[in-house]
Amino acid sequence: MDRTLSALKPFFFLLGMLFCLPVYAQELTGKVVDEAARPIAGVRVSCQQEITTTDSSGSFIIRCSSGSISFRAENYESFSSDISTLQSTVTLFPEAEELDGVEVVKKRLLFFDIGYLPPIKGVQIATGTSAIIQTEGQGGAKSTGNPRELFAKVPGLNIWESDGAGIQMGVGGRGLSPNRAANFNTRQNGYDISADALGYPESYYTPPLEALSSIEIIRGSASLQYGTQFGGLMNFVIKDPNPNSAFEFTSRNTVGSFGYIGSFHRISGTSNRFEYQAYYQLKTGDGYRDNSGFTQHQAFGQLGFYINDKHSIRLEYTHMSYLTQQPGGLTDVQYEQNPLQSVRERNWFKVGWNILAAHYDFEVNSSTRINVRAFGMLSQRLSLGFLGKINQADPGTGRELVKGDFKNAGVEARMLHRYKTGNEQIKGALLTGIRYYRGQTVSIQGNAPNGRDADFRLLNPDNVENSWFSFPSENLAVFAENLWFFGKRWTASAGMRLEYIKSASEGFYKQYAIHPLNGDTLAVYKIEDANELKRYVPLGGMSVSYKTSRTTSAYANVCMNYRAVNFNDIRINNPNVIVDTLMKDEYGATAELGWRGFVIPYLYTDAALFYLFYGDKIGLAPEPNGVKKVRTNIGDAVNLGAELFVEFDFIKVFNDSAKVSSSIFVNASYIQATYIRSKEPNYVGKEVEYVSPVLLRGGLKVRHEKWQVQVQGSYNSEQFTDASNAIEPSGDAVIGQIPAYFVLDFSARYAFPRFFQLEAGVNNCLNASYYTRRATAYPGPGILPSDGRNFYFTLQFKFGEGKK
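Bear in mind that the values here come from a model prediction, so they are computed numbers and not experimental data. (Residues numbered from 1 in each chain as written. Predicted model: local features only at pLDDT ≥ 70, side-chain atom pairs only at ≥ 80, totals over all residues. Heavy atoms only, no water.)

Q: Looking at this structure, how should I read the overall build of the chain?
A: Within the chain, the regular secondary structure consists of five helices and 42 strands. Relative to the compact-globule value of 28 Å for 804 residues, the chain shows a C-alpha radius of gyration of 27 Å, a close match. Dimensions of the chain, computed from C-alpha atoms along their principal axes, come out at roughly 95 × 65 × 55 Å. Contacts in the chain between residues far apart in sequence, at least 24 positions, make up 67% of those at least 6 positions apart. (Helix = DSSP H or I, 4+ residues; strand = E, 2+ residues; numbered from the N terminus. Rg over C-alpha atoms; globule rule 2.2 N^0.38 Å. Contact = heavy atoms within 4.5 Å.)

Okay, structure coming up:
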């Protein structure tokens, strides 16, 4: 307690100074606009110790006695003035790096609920390929977070559907595995949220879609600021607290098919130099199949404090927990008979996630900014049940428990400095940073009690029957990215990252000698095992773009990639798969060439060609004797692809002031992913597993200020699940082709005057029977059927949005 009070003393001191400020300040009012006299919302206005932000009309009110008043906004040049000479209307101009036409493109893309990041955002450089999904304006099933609707406008993404409630997200891009988004560097507000960034980079936690303002995806050389993953960065951005109200309350309540109930409640506000928000979400339901009920809780709290106009701090805490019953997978025969059936009624899965993060921002001057973010995580996942092959009946005896405890912490510091050359024809920005990370994963596998309940106890915790391993990891990385602006058309960047990675394992596993006739245990061998691996990994990348017109640009980039093998994957005992203990790290490179922009107003196009080399790719292949499957380095693979996204509003293009708009979009990808080298010659020329060569999504949206209606379709062509490209399924359904499928979704919403909004929709309108994966273990093994037709209704209540 004494330590806690001591740690809080600086905050009490700052709070005391706040109340000691003079009270004789005058009240200033005004408006902030851009060079076209359009209001700018969210501008930070500061005078002495007072800080406020402009509202949606660009207006502000601030108390200030004397001295200078300053105005700062993202992607605009800062402005300061003495209050005695301050005009009632303040004009901010775009930064020099915000090239001609960028603002026009950004505003029109916002209308389409998509966008791409500016070259510089805060202490972040975004060149090459970037995408922003503007989730606030999106329609669709937000409570359940339908990924087909969420990622509908991002080309090249393959989606795994493990549950219909959005509890876990599986997304892979450009031929990469969608398994829990492990090929993305997954973050929330810029910090890690995966289990272990090095040892177990899978994400069991997904923020509520109802809490997000956007999702940022950065590929190419700029992604080296964040890590080495092949897929780049996926950053979930939580909504900011309301800057124009001291208290805002939002409540969203959803009911749906299969007993679904969702409840989301959020408070937020800003009072002088303090900003805050907190939300809580509950999701519960019976699930589409038998034995698939679930309950999930999520909570988030954020407190920010502007120390002055140059320094600010922010603290965030995230909690998530859920319990789901696992119906298990199905064989192909069982799926054809009845995809709703379940042959596992004693399998359960439980997750607890806790993340604490702190941010510090320092604006040294108008050219230099520093950000330091620290984070720590304490989490756990528990898988319980009969984990044998799905074509084996559950004997109803003892169950097996696989337990993972995750503890990690890290700190990342970055500095961005803008500069100009002597003749000012070349401008630029240099980003430098350093990151230190430590992770500790403990994995335990042993026998658990009989019964059907969610009893996550080990029968012999001091001497487990299968394995006990500790997987410590350590990472130190330095990175730099330089961005150049050559005149008004050319932009180029180059980046590098140097990684020091240490991963280790220490523990034991047991082997059993079984009598071949009666199945009795003849002997038990406890095998101690310890490994340590250190490596230094240099990576680099570069990109270039050229403005072909005021609202269009061409771009190209190339980037190196790397993914460290993790001991955790090697040591889990899976009866369905043999794991190669000599697996090596994966490495590779990506390159792309593209063109994007508005050909005419309200006709947006983004077309790209990409090349991805994947060295020593890890995958699944049949054992030579054909009895089991082996997870190993299959060989080298090359993914070639073409992507095209087009959206067109055929009302606004003829009448920009029309109150009703109607847009149609098409998102198409073709991917040819093949093995070019393998230790198994028969795999050369085969297609890479879990890659649909054709991905097609399209939709129609009609919207008004108060309402909108949209319908969209999603198509995936057939895909293989192993490197041998087996079409006929194995008896345990782990291997076999996944058929092509098409899914149609519908949604609508209407905003009533003042406080209420009603949303409704139908997912899988045509009641298609399909599946997106064949699981080798949890939550299978076997075929995992996706949800059939389902309905939902959401009522939103919101008040407190007005000015402070």
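Q: Would you mind going over the packing of aromatic side chains with me for this structure?
A: How two aromatic rings sit relative to each other is given by the distance of their centres and the angle of their planes. This structure, assessed with the given rule, holds 31 aromatic pairs. Pairing tryptophan 160 with tyrosine 690 gives two aromatic rings, centres 4.9 Å apart and planes at 70°, and the pair type is edge-to-face. Of this pair, tryptophan 160 sits in strand S12 (residues 157-160) while tyrosine 690 sits in the loop between strand S35 (661-678) and strand S36 (694-703), placing them 530 residues apart in sequence. When sorted by exposure, tryptophan 160 lands in the same class as tyrosine 690, which is buried. Here tyrosine 335 and tyrosine 771 contribute two aromatic rings whose centre-to-centre distance is 5.0 Å and whose plane-to-plane angle is 80°, an arrangement assigned as edge-to-face. Residue tyrosine 335 is located in helix H4 (residues 332-337), and its partner tyrosine 771 is located in strand S40 (residues 771-775); the two are separated by 436 residues in the primary sequence. With a relative accessible area of 8%, tyrosine 335 lands in the buried category. One aromatic cluster is present, built from ring pairs that chain together Phe247, Phe249, Phe755, Phe756, Phe797 and Phe799. Directly above the aromatic system of tyrosine 116 lies the positively charged group of arginine 596, at a separation of 3.8 Å from the ring centroid. (Phe/Tyr/Trp six-rings, centres within 6.5 Å; stacked < 30°, edge-to-face > 60°. Buried < 20%, exposed > 50% of the residue type's maximum accessible area, 1.4 Å probe, protein only. Lys NZ or Arg CZ within 6 Å of the ring centre and 35° of its normal.)

Q: Whenever I open this one, the sheet that holds strand S17 (residues 233-238) confuses me. Can you help?
A: The strands making up a sheet associate through hydrogen bonds between their backbones, and the pairing can be parallel or antiparallel. Read from one edge of the open sheet, six strands run S8-S11-S16-S17-S14-S15, paired in mixed fashion. Since the sheet does not close on itself, it has two edges, and those belong to strand S8 (114-115) and strand S15 (191-192), each with one partner. In the sheet, S8 pairs with strand S11 (residues 130-133) via two bridges, with the strands oriented antiparallel. Bridge pairing in S11 links glycine 115 to isoleucine 132. (Pairing = 2+ DSSP bridges.)

Q: Could you clarify how one ought to interpret the sheet that holds strand S5 (residues 68-72) in this entry?
A: The four strands are arranged S3-S2-S5-S6 in an open sheet whose pairing can be described as antiparallel. Strand pairing shows two members of the sheet lacking a second neighbour, strand S3 (50-53) and strand S6 (79-82), which therefore form its edges. For this sheet, the mean angle separating the axes of adjacent strands, direction not counted, is 15°. (Axes fitted to C-alpha atoms, helices over the stretch in contact; angles between N-to-C directions.)

Q: Would you mind going over the confidence of the model for the chain with me for this structure?
A: Detailed reading of the predicted model is not advised wherever pLDDT is low. Chain-level statistics for the chain give a pLDDT mean of 89 and a share of 92% at 70 or above. Counted against residues more than four places away or in other chains, residues 10-24, with its pLDDT under 50, gives 11 contacts. (pLDDT = per-residue confidence, 0-100.)

Q: Sorry, what's going on with the state of the cysteines here?
A: The bond known as a disulfide is covalent and runs between the sulfur atoms of two cysteines. Evaluation of the coordinates by the stated rule reveals one disulfide. Between cysteine 47 and cysteine 64 runs a disulfide, and the two sulfur atoms are separated by 1.6 Å. Here cysteine 47, found in strand S2 (residues 44-47), pairs with cysteine 64, found in strand S4 (residues 59-64); they are 17 residues apart in sequence, far enough to count as distant. Taking relative accessible area as the criterion, cysteine 64 reaches 0% and is therefore assigned buried. (Disulfide = S-S within 2.5 Å.)

Q: Honestly, the pairing of strand S14 (residues 185-188) in this entry has me stumped. Any pointers?
A: Consecutive side chains of a regular strand alternate in pointing toward one face of the sheet and then the other. Burial of the side chains of S14 extends over both faces: Asn185 and Arg187 are buried on one face and Thr186 and Gln188 on the other. Inspection of the sheet shows S14 paired to S17 by four bridges, in the parallel sense. Bridge pairing links threonine 186 to methionine 234 in S17. Judged from the two bridges that link them, S14 and S15 form a sheet pairing that is antiparallel. Residue pairing across strands places arginine 187 opposite aspartate 192, the latter belonging to S15.

Q: When you look at the pattern of salt bridges in this model, what are you seeing that I'm missing?
A: Proximity of charged atoms lets side chains of opposite charge pair with each other. Tallied over the entire structure, the rule returns 34 salt bridges. Taking the shortest distance from any N to any O, the salt bridge between glutamate 643 and arginine 174 comes out at 3.0 Å. Remark: arginine 174 occurs in the loop between strand S13 (170-173) and S14 and glutamate 643 occurs in strand S34 (residues 629-649); sequence separation between them is 469 residues. The pair formed by glutamate 643 and arginine 174 is uniform in burial state, with each residue classed as buried. In this structure, lysine 617 engages glutamate 689 in a salt bridge whose closest nitrogen and oxygen atoms are separated by 3.7 Å. Linking lysine 617 in strand S33 (residues 603-622) with glutamate 689 in the loop between S35 and S36, this pair joins segments that are 72 residues apart in sequence. (Salt bridge = Lys/Arg side-chain N within 4 Å of Asp/Glu carboxyl O.)

Q: Hey, could you run me through the nonpolar core in this one?
A: As a rule of thumb, nonpolar side chains are buried together in soluble globular proteins. Grouped together as the largest cluster of nonpolar side chains are 51 residues, with contacts concentrated most on Phe151, Tyr204, Ile215, Met234, Tyr322 and Trp353. Top element by residues in this core is strand S23 (residues 347-363). It accounts for five residues. (Core = buried A, V, L, I, M, F, W, Y, C linked by side-chain atoms within 4.5 Å.)

Q: Before we go on, may I ask you to explain the pairing of S23 in this structure?
A: Taken together, the 16 bridges between strand S22 (residues 311-326) and S23 define a ladder with antiparallel strand orientation. Each residue of the ladder has a partner; that of tyrosine 317, found in S23, is leucine 356. Hairpin connection between S23 and strand S24 (residues 368-385): a loop of four residues separates the two successive antiparallel strands.

Q: Which parts of the structure should I look at to understand the environment of glutamine 392?
A: In this fold, glutamine 392 is placed in the loop between S24 and strand S25 (399-420). For glutamine 392, a relative accessible area of 40% puts it in the partly exposed group. In sequence terms glutamine 392 and glutamate 586 are 194 residues apart; their C-alpha atoms lie 34 Å from each other. Glutamine 392 has contacts with Arg344 and Phe386, leaving out every residue within four places of it along the chain.

Q: Help me understand unusual backbone geometry in this model?
A: Glycine aside, residues mostly have negative phi, and peptide bonds are mostly found in the trans state. The step from glycine 780 to proline 781 runs through a cis peptide bond, and the omega angle for that step is 5°. Position of proline 781 relative to the elements: it lies in the loop between S40 and strand S41 (782-785). A positive phi angle, close to 60°, is found at asparagine 725, a residue other than glycine. Along the polypeptide, asparagine 725 turns up in the loop between strand S37 (707-716) and strand S38 (741-751). The exposure class of asparagine 725 is buried, given its relative accessible area of 13%. Despite not being glycine, asparagine 767 has its phi angle at roughly 55°, a positive value. As for its placement among the helices and strands, asparagine 767 is situated in the loop between strand S39 (756-763) and S40.

Q: What is the right way to read the side chain of glutamine 281 from this model?
A: Relative to the helices and strands, glutamine 281 resides in strand S20 (residues 274-285). Here glutamate 210 takes part through its side chain, which lies 3.1 Å from a polar atom of the side chain of glutamine 281. (Polar contact = N/O pair within 3.5 Å; in protein donor to acceptor, adjacent residues only side chain to side chain.)

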